[in-house]
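Observations on the model geometry
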Amino acid sequence: MGQQFQRASLAPDGFAVDGVTVEGARVQIRLRSLQSFGHCPDCGRRSRRIQSRYLRRPADLPLGGRQVELIVIARRFWCDAVLCGRRIFCERFEIGVLSPYGRRTGRLETIVHHLGLALGGRPAAAFALRLMMPVSNDTLLRVVRRRSIQTGGAELTVIGIDDFAFRRGQTYGTIVCDLERRRPVTLLPDRALDTSRAWLAERPSIVTVARDRGGGYGEAIAKALPHAEQVADRWRLLENSSRAFLDAVGKSMRQIRRVIGSSVIDPKLLTCAERLQYEGYLRRQETNEAILKMSKQGAAIRQIVRETGHSRKLVRDVLRDRRTDVFRTRPVRWIAGRPG
Ligand SMILES: [Zn+2]
């Protein structure tokens, strides 16, 4: 308790804050590296001899509902190693914090990556804008693809394959995930059989593939990796079994309703709309009974039409038993709410 907010806590690791400017919906944070030297990327030697300074302006996580731009003072150093072919090099920061040509900090890019994976290209871009971290659709896809490629050279053995929405409802690709390491491996540009087949065929180390029940990927897997086992993942199993259960219940609904006695209608328990429907139903029953009664007393159709004012068709339908209707209580909620 009692700990004060410190400006330095705004900066990513390894940086000090020189100043903060708030301008409308934007915050600019000026930063410099805490390190007094740089490492030459060619020979690895340390240098403290600064040649010049320049500014980098990566985007960072939003702050208090404002978009954040960092202004980083980066340095160019001289490399003094005699045998090194490089004379000047640019300061590099930790890859996870800010990569050499990165336009976003590592922590922002992680969020962008997750958004891209969860929502797909265009919806994720729209959502990111509302979160005050504008990224384009193309950037999102690039980030997902780039991070997917960094699998660390590990061999794939168990993967999952599924559709991925570049643009929901319109453009779909294919996402492949490494289920052992729980990370996406690649995004393929479409859902075509040949595309996934070609990609899979180059990876014979895969022994198990989880996929949906549709035939598309199954065929590609069977052709590219005939030895691989195809399985349904846990989500599919749950989804399939719950659907089967609801179907079975739906088919027996009439019997179930009879057993629990819900075929007896209590107007007090009906919703407003249902009560209107129920009143209509009672009115129709009344009409039907009146018409049938007159007919039983020997009245002809024409006479009934004249006396009751109902149409000829209606009267005829009632007498031919075509107008018996049933009042349906609302369908059981959990059937209406089942997954689509
Ligand atoms: Zn060097």
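Preceding this section is the structure that the text describes.
This write-up is about the structure you can find in this document. Owing to the predicted nature of the structure, the values given are computational and were not obtained by experimental measurement.

1. Some points on the overall build of the protein
- Counting secondary structure elements, the protein contains 11 helices and 13 strands.
- Across the 340 residues that make up the protein, the buried fraction comes to 21%.
- At a minimum sequence separation of 6, the contacts of the protein that also span at least 24 residues come to 48%.

2. Quick look at the nonpolar core
- Within the largest apolar cluster, 31 residues are counted, with the highest numbers of intra-cluster contacts made by V112, L140, I159, I206, V209 and I221.
- At the level of secondary structure, the elements contributing two or more residues to this core comprise α1 (106-119), α2 (121-130), α3 (137-149), β9 (158-167), β10 (171-178), β11 (183-188), β12 (208-211) and α5 (215-224).
- Not counting residues up to four positions away in its chain, the partners in contact with I206 are L156, T157, I159, L200, L225 and A228.
- Core analysis: the next-biggest nonpolar cluster, separate from the first, contains eight residues, V27, I29, V68 and V72 among them.

3. Quick word on the pairing of strand β5 (residues 50-56)
- Burial of β5 is sparse: only zero of the seven residues sit out of reach of the surface.
- Relative to strand β7 (residues 66-78), β5 is paired through six bridges, and the arrangement is antiparallel. Following the sheet pairing, I50 is matched in β7 by F77.

The rules behind these values
Residues numbered from 1 in each chain as written. Predicted model: local features only at pLDDT ≥ 70, side-chain atom pairs only at ≥ 80, totals over all residues. Helix = DSSP H or I, 4+ residues; strand = E, 2+ residues; numbered from the N terminus. Buried ≥ 20, exposed ≤ 12 C-beta atoms within 10 Å, placed from the backbone. Contact = placed C-beta atoms within 7 Å. Core = buried A, V, L, I, M, F, W, Y, C linked by C-beta atoms within 7 Å. Pairing = 2+ DSSP bridges.

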